[in-house]
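Here is what each chain is made of, one letter per residue.
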Amino acid sequence: MNRDAEIFAEAIELPAAERPAFLARACGDDSALRERVELLLSGFAAAGRFLENSPVERPSAPAEDMAGGVIGRYTLVRKIGEGGCGVVYLAEQHEPVRRQVALKVIKLGMDTRNVIARFEAERQALALMDHPDIARVFDAGATETGRPFFVMEFVDGVPITKFCDTNSLNMAARLELFARVCVALQHAHQKGIIHRDLKPSNILVALRDGTPAPKIIDFGIAKATQGRLTEQTLVTGFDQFIGTPAYMSPEQAELRELDIDTRSDVYSLGVLLYELLTGRPPYDPKSLVRAGVEEIRRIIREVEPPRPSTRISTLGDADLATVARLRGSAPMQLRSVLRGDLDWIVMRCLEKDRARRYDTAVALADDVRRHLRQEPVVARPPDTLYRVQRFIARNRLVCASAAAVVTALVTGTIVSVRQAIRATRAEHIAQAQRTEAQRQREQAEALLTFMLGDFRAELKKLGQLNLLDAVGAQAMAYFAALDPQKLTDTALTRQAKALTQIGETRIEQARYAEASAAFATAYDRAAALAARYPKNGDMLFERAQAEYWIGFVARRRGDLALASEWLTRYRDSGAALVALEGKTFRAQRELTSGQHNLAVLELDRRNLAAAQTGFLAEKVSVTEMVAANPNDTTLRYRLADIASWLGRVAEADGRYADAIEHCREISSRIEELIAREPEVARWKFRLADSHFFTAGALVALGRRGEGAALLAQAETALLTLVEQDPKNQSWQRAALNVRVHRLALLLAGGETATVAPMLADTRAKLEALIAAEPNERIFTSRLAAVWMLEGRLRHATAGVDALTAAERAIALSEQLITENREDNWTLWEFAQASLLAGRIEQARNQPDAARRRWERVIAVLGPRATNSNEWRFLDPLAQAYMLTGQTEQARPFIERLQRFGYRPIDPLAAPLLGAAP
């Protein structure tokens, strides 16, 4: 918006008598500017309401329909949608694959510069995003007449509200589906894209493997918050609404383009949630349409909508019965279900002041899921009574006989503090009791800090963290009942550290949900301190620790979007610490750690060049820090860790010899640490991990004997550690991971008799671990690998149900792929199992079924392998092309593998890839 339009837009909001004074202030000495604005105001006054009620009935333009036509390699089947500037067709793509797609093309009569620019923005916005719940863009171009079009994933679904009502989804199912939409939208926001037109018709839902799966579509009026989406100018006129009024945020109604950010989408999500809960949006769409532009703006900006529970209470009996039935509830119960958390969550989204809304879409999703877990939500005042109520709701059996919630932190140490709140007639006695209770609480917390700090460090060295299980559980219950806003600085500091230590212990045991809860509570304490003392480096440091751990757990659980959000916060806190206290050791360490974690995320996303640049920059900084602090073993370990990550980058890039060199550096550095601190279990674990990684690179080069020896050495070391601490699931996971790779080598060598009992034992252990921690993606991925190997074993020995075993592996891998939680190994296991299943079906004279299996491998791995040197992609993809008779398509991948010196493990793959097994 230019300066004339800005001043004009503000002036028309003022009474006529106040406009001259306003113009004098706004225009200053610029008489030409004032003259132009006054001319606009004169035209506005003369027009009156002319444009709102045209006296001429104009004939509507004939509907455009290009169905049956051909655009490039696409045949238009039928029109399936129409928006403000584009028409969407169901189309058939002919090459290089046959599939149904959605093709959107500019409408006739809409080829203006602004519309084309907006269309270009939509095309570029979609191309930036890669999320299973956001419709993907496949292609783009222009028709013969020069009209732009783009081709995207065809979503055969219905609007989210219609889906929920048609299937009578209960409140919990609706909320979980809504939370998934929020997480998908967060992905778009992190790519710098604001949707700006979120509404039910732009969120389609269909059943995917029997589970409701949403797809966000139509980023047609998306605004880029980072960078330029098009070389053309994307302009929104000052009097042009962008969005749908019923779902429009107050800042959109202000018509100020620069004031719109991701929180505008959070507002629209709140409207959507309101409708999912009550059956209607906060403002009646028909009433808004009849109101006229200025009244619409006033309503959205000024009128507070009723809370969902209040709206429900105003419905007639028939409407209430219908709304309740569609949500699996009784009419009398529906209002009570909405009252409380859901009211608070929705109304926080609908705040007129965007600073009071949720900062991010994922924060909204987190609060919704807290409600589903009956945990405290952040959308309402977290008073102590409310926290206690939620604790009791989650622990009814534990609390059923309790007259009060009293938590003991350490047996024999915490004395009941009920005396501090017991009614008494003498105030001075009560004050004395409160003082004594406070003293006892501080003593208890000091002891707790010691146990979770110095004592925990010693137990960790010995691998005996399980001894602190009871202490951690009691401490979490105690801290959950406290309001951080009412705590002293000392208490906040002590509790933040203790909670972080509890979380670290839970991570060692792979109890990620409990770890997340501990770190979130630690962040509440640390953030409260940092807000009180913004110039205090210690407070900033403690907040950064909580940010790091929240991001760490999110990455471990496969949520890269959430991990990126928190680890970016952590990196920024490190930079703020350097700015605050200079290049102190602490500040440099935090900043380099922040940079390291973002480099790891780049590797997760397969951005190898960016990852390597990040790790090399980190190595320079850490080497300087080691030179200044030669006895710091943590810093020395970081050099080994950086070598490990550089090795992973090299392997993913096909540079196996470089990867092995990095492995040698890792082993050398860790052996030095073991010599310095032989009692530290962590160094032994890291050395075993180094052996495992080195073995992988050796096997890829065909040096199986050396790789097998290192795997056996690694497994022996890890099993010794597991014996020391059976509850340490991180060590169990690593040991089982090594076992799976050993089994793959043994099976490739024909040792079927040895493999069979080991497979059964490994499968049983993994299933037990998954039952304890369902969200640990590595356990699920490894179980898929075990089933794939079971299928190979049965196929090689002519055993029964080989196909069933392969299909179980496929199902487990597909689950992670669908949830966007896959890693390279998951994709490898999926592809291997699919190739095996196809071979089995081909042997059963089912060539069509086999071909579908192999084509699915091509569809999943093809986009990932185009610019990748990852052998876990190239090997199965080349096999799939060869098995489907596409020799020419397979050739570049085979040549790339041979150039790297790669040798396949699977004997069945060797003939296809032209390599000796």
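Residues numbered from 1 in each chain as written. Predicted model: local features only at pLDDT ≥ 70, side-chain atom pairs only at ≥ 80, totals over all residues. Heavy atoms only, no water.

A. Main features of the overall build of the protein chain. When its secondary structure is counted, the protein chain shows 39 helices and 11 strands. The buried share among the 917 residues of the protein chain stands at 51%. Of all intrachain contacts in the protein chain linking residues separated by at least 6 positions in sequence, the fraction that spans at least 24 positions is 63%. As displayed, the protein chain has an accessible area near 41100 Å², and 53% of this comes from carbon and sulfur atoms. (Helix = DSSP H or I, 4+ residues; strand = E, 2+ residues; numbered from the N terminus. Buried < 20%, exposed > 50% of the residue type's maximum accessible area, 1.4 Å probe, protein only. Contact = heavy atoms within 4.5 Å. Areas by Shrake-Rupley, 256 points an atom, 1.4 Å probe, with all protein chains shown as cover.)

B. Looking closely at the packing of helix 34 (residues 802-818) against helix 35 (residues 824-843). The contact between helix 34 and helix 35 brings their axes to 8 Å, and the two run at 150 degrees. Judged by the twist between their axes, the crossing of helix 34 over helix 35 is left-handed. Between helix 34 and helix 35, the residues in contact are A802, L803, A806, A809, I810, S813, E814, L816 and I817 and T826, L827, E829, F830, A833, S834, L836, A837, I840 and E841, respectively. Per-class residue counts for the contact of helix 34 with helix 35 are 13 nonpolar, three polar and three charged. (Axes fitted to C-alpha atoms, helices over the stretch in contact; angles between N-to-C directions. Left-handed = near helix turned anticlockwise from the far one by under 90°. Nonpolar A, V, L, I, M, F, W, Y, C, P; charged D, E, K, R; others polar.)

C. Highlighting the packing of aromatic side chains. Under the definition given, this model contains 14 aromatic pairs. Aromatic side chains Y548 and W549 sit 4.8 Å apart centroid to centroid with 70 degrees between the ring planes, which places their arrangement in the edge-to-face category. Of the residues examined, Y548 reaches a relative accessible area of 16% and is grouped as buried. W549 sits in the buried class, given a relative accessible area of 15%. Three or more aromatic residues link up through ring pairs in this structure, and these residues are F519, Y548, W549, F552 and Y570. When the ring centre of W645 is taken as origin, the NZ or CZ atom of R648, which lies over that ring, is 4.3 Å away. We note R872 situated over the ring of W825; from NZ or CZ to the ring centre the distance is 4.0 Å. (Phe/Tyr/Trp six-rings, centres within 6.5 Å; stacked < 30°, edge-to-face > 60°. Lys NZ or Arg CZ within 6 Å of the ring centre and 35° of its normal.)

D. Structural context of helix 15 (residues 361-372). An ideal rise of 1.5 Å per residue puts 16 Å on 12 residues; helix 15 measures up with 17 Å between its terminal C-alpha atoms. Those residues of helix 15 that sit buried are A361, V362, L364, A365, D367, V368 and H371. (Expected span 1.5 Å × (residues − 1).)

E. Summary view of the sheet that holds strand 3 (residues 86-93). Read from one edge to the other, the open sheet built from six strands follows the order 1-2-3-4-6-5, with strand pairing classed as antiparallel. At either end of the open sheet lies a strand with only one pairing partner, and these are strand 1 (70-71) and strand 5 (137-142). With two bridges connecting them, strand 1 and strand 2 (residues 74-82) associate as antiparallel partners. Across the sheet, residue V70 finds its bridge partner in strand 2, namely T75. (Pairing = 2+ DSSP bridges.)

F. Quick peek at the pairing of strand 2. Counting the residues between successive antiparallel strands, the hairpin from strand 1 to strand 2 contains two residues, one of them, G72, with a positive phi of roughly 60 degrees. Bridging between strand 2 and strand 3 involves seven bridges; their strand directions are antiparallel. Residue pairing for strand 3: Y74 is matched across the bridge by Q93.

G. View of the side chain of T884. Relative to the helices and strands, T884 resides in the loop between helix 37 (871-883) and helix 38 (887-900). Within polar-contact distance, the side chain of T884 engages the backbone oxygen of Y881 at 3.0 Å. When residues no more than four places from it in sequence are discounted, the contact partners of T884 are R851, W854, E855 and I858. (Polar contact = N/O pair within 3.5 Å; in protein donor to acceptor, adjacent residues only side chain to side chain.)

H. Main features of unusual backbone geometry. Omega for the peptide link from E95 to P96 comes to -5 degrees, which places this bond in the cis form. Backbone geometry places S168, a non-glycine residue, at a positive phi of 50 degrees. Inspection of the secondary structure assignment puts S168 in the loop between helix 5 (160-166) and helix 6 (171-190). For R606, which is not glycine, the phi dihedral falls at a positive 70 degrees. Relative to the assigned elements, R606 resides in the loop between helix 25 (585-604) and helix 26 (608-628).

I. Main features of the pattern of salt bridges. For the structure shown, the criterion picks out 44 salt bridges. Note that R370 and D367 form a salt bridge whose closest N and O atoms lie 3.1 Å from each other. Remark: D367 and R370 occur in helix 15; sequence separation between them is three residues, near one turn of the helix. Given a relative accessible area of 22%, R370 falls into the partly exposed group. (Salt bridge = Lys/Arg side-chain N within 4 Å of Asp/Glu carboxyl O.)

J. A look at the packing of helix 32 (residues 752-772) against helix 33 (residues 777-796). Two numbers describe how helix 32 lies on helix 33: the axes approach to 10 Å, and their chain directions differ by 155 degrees. Considering the angle they form, helix 32 stands roughly antiparallel to helix 33. When the axes of helix 32 and helix 33 are compared, the crossing they make is left-handed. Listed contacts from helix 33 to T752, A756, L759, T762, R763, L766, E767, L769 and I770 of helix 32 are F779, T780, R782, L783, V786, W787, L789, E790 and L793. Broken down by class, the residue content of the contact of helix 32 with helix 33 amounts to 11 nonpolar, three polar and four charged. (Parallel < 35°, antiparallel > 145°, perpendicular 65-115°, else oblique.)

K. Expanded view of empty space enclosed by the protein. In the structure shown here, the tally under the stated rule is four cavities of 30 Å³ or more. The calculated volume of the second largest cavity comes to roughly 40 Å³. Lining the second largest cavity, in full, are R792, Q832, L835, L836, R839, D906 and L908. Looking at the lining of the second largest cavity, the element that brings in the most residues is helix 35, giving four residues. The residue inventory of the lining of the second largest cavity, partitioned by class, reads three nonpolar, one polar and three charged. (1 Å grid on protein atoms, 1.4 Å probe; cavity = no way out; pocket = protein on both sides within 12 Å on 5 of 7 lines; lining within 4 Å. Points joined across faces, edges and corners; volume = space filled by probe spheres on them.)

L. Here's a closer look at the environment of L913. Tracing the backbone shows L913 in helix 39 (residues 910-913). On a C-alpha basis, the gap between L913 and E895 in space is 8.9 Å, while along the polypeptide they are 18 residues apart. In contact with L913, other than residues within four places in its own chain, are D875, A878, Q879, I894, L897, Q898, Y902 and P904.

M. Spatial organisation of the pairing of strand 4 (residues 99-106). The buried fraction of strand 4 amounts to six of the eight residues, a majority that puts the element mostly inside the structure. Where strand 3 hands over to strand 4, the hairpin turn is made up of five residues, counted between the paired strands. Where strand 4 lies against strand 6 (residues 148-153), five bridges are found, and the strand directions are antiparallel. Paired with V105 across the strands is F149, a residue of strand 6.

N. View of the environment of F830. Structurally, F830 is set in helix 35. Here F830 falls in the buried class, since its relative accessible area comes to 0%. Remark: the alpha-carbon pair of F830 and L861, spanning 31 residues in sequence, is separated by 10.0 Å. Contacts of F830, omitting those with residues within four sequence positions, involve I810, S813, E814, I817, R856, V857 and V860.

O. Here's a closer look at the nonpolar core. If you look at the biggest cluster of nonpolar residues, it comprises 143 residues, and the most contacted ones within it are I160, F178, L269 and L364. Here this core takes 11 residues from helix 6, the largest share from any one element. The next biggest cluster of nonpolar side chains, apart from the first, holds 24 residues, and it includes A695, V699, V722 and V738. (Core = buried A, V, L, I, M, F, W, Y, C linked by side-chain atoms within 4.5 Å.)

P. Quick look at helix 6. Its 20 residues place the ends of helix 6 29 Å apart at the C-alpha level, agreeing with the 28 Å of an ideal helix rising 1.5 Å per residue. The N-cap residue of helix 6 is N170: its side-chain oxygen and the backbone nitrogen of A172 are 3.2 Å apart. Positive phi appears at G192, one or two residues downstream of helix 6, with a value of about 85 degrees.

Q. Quick look at the sheet that holds strand 7 (residues 158-159). Read across the sheet, three strands follow the order 7-9-10 without closing on themselves; strand pairing throughout is antiparallel. Every interior strand has two partners, whereas the edge strands, strand 7 and strand 10 (211-216), have only one. As paired elements, strand 9 (residues 203-208) and strand 10 share six bridges and run antiparallel to each other. For L207, the partnering residue across the bridge sits in strand 10 and is P212. Sheet contacts for helix 6: strand 9 and strand 10; angle to strand 10, the most-contacted strand, approximately 35 degrees.

R. Just the confidence of the model for the protein chain, in detail. The predicted model of the protein chain averages 79 in pLDDT, with 78% of residues at 70 or higher. Across residues 221-242, confidence stays below pLDDT 50; counting only partners more than four residues off in sequence or on other chains, it has 68 contacts. Of the regions scoring below 50 in pLDDT, residues 382-426 engages in 61 contacts with residues more than four places distant in sequence or in other chains. (pLDDT = per-residue confidence, 0-100.)

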